[in-house]
Amino acid sequence: QLQLVESGGGLVQPGGSLRLSCAASGFTLDSTAIGWFRQAAGKEREGISCITYDGRIYYGDSVKGRFTISRDNAKNTVYLQINSLKPEDTAVYYCAVYLFPGYYCSTYGPDFGSWGQGTQVTVSS
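For clarity, every value in this text was computed on a predicted model and none was experimentally measured.

1. Considerations on the sheet that holds strand 3 (residues 18-25)
- Taken in spatial order, the four strands of this open sheet run 1-3-8-7, and their pairing is antiparallel. Looking at strand neighbours, the two that pair on one side only are strand 1 (3-7) and strand 7 (67-72), the edges of this open sheet. Going across the sheet, the axis of each strand differs from the next one's by a mean of 20°, ignoring polarity.
- The pairing of strand 3 with strand 8 (residues 77-82) spans six bridges and is antiparallel. Bridge pairing in strand 8 places Ser21 opposite Tyr79.

2. A few points about the packing of aromatic side chains
- Scanning the entire structure with this criterion turns up six aromatic pairs.
- Centre to centre, the rings of Phe37 and Trp115 are 4.8 Å apart; their planes meet at 55°, and the pair counts as tilted. Of this pair, Phe37 sits in strand 4 (residues 34-39) while Trp115 sits in the loop between strand 10 (112-113) and strand 11 (119-123), and the two are 78 residues apart along the sequence.
- The exposure class of Trp115 is partly exposed, given its relative accessible area of 29%.
- Here Tyr94 and Trp115 contribute two aromatic rings whose centre-to-centre distance is 6.5 Å and whose plane-to-plane angle is 80°, an arrangement assigned as edge-to-face. With Tyr94 in strand 9 (residues 91-98) and Trp115 in the loop between strand 10 and strand 11, the pair connects residues that are 21 residues apart, well separated along the chain.

Analysis parameters
- Residues numbered from 1 in each chain as written.
- Predicted model: local features only at pLDDT ≥ 70, side-chain atom pairs only at ≥ 80, totals over all residues.
- Heavy atoms only, no water.
- Pairing = 2+ DSSP bridges.
- Helix = DSSP H or I, 4+ residues; strand = E, 2+ residues; numbered from the N terminus.
- Axes fitted to C-alpha atoms, helices over the stretch in contact; angles between N-to-C directions.
- Phe/Tyr/Trp six-rings, centres within 6.5 Å; stacked < 30°, edge-to-face > 60°.
- Buried < 20%, exposed > 50% of the residue type's maximum accessible area, 1.4 Å probe, protein only.

This is a description of form; function is not addressed.
So this is what it looks like as structure tokens:
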């Protein structure tokens, strides 16, 4: 069964950092593009970043600079490093599989499936 599991969220003070993990089971990530998204309470889902099977990276326009996506195919895991966290980064963070095979990916939610359950990130002092 294809499954993604996010972890690494938590409560962090403004200015802190977190590294979120997206671990795959039931399939290998080395031929798959994976995206990260977030959804804050009462807001629409926002695309953060996507990384292709061969390491090409795309970022959403609103999050460039503080977010870094990476992958470790040996661990079957994709990561999202978030630095200089702000209260407005508070959200549930999700990873998902890009549905279209090929050499590209996107940060457009409908292009993705097999969503994980999410991990909560709360930024507060």
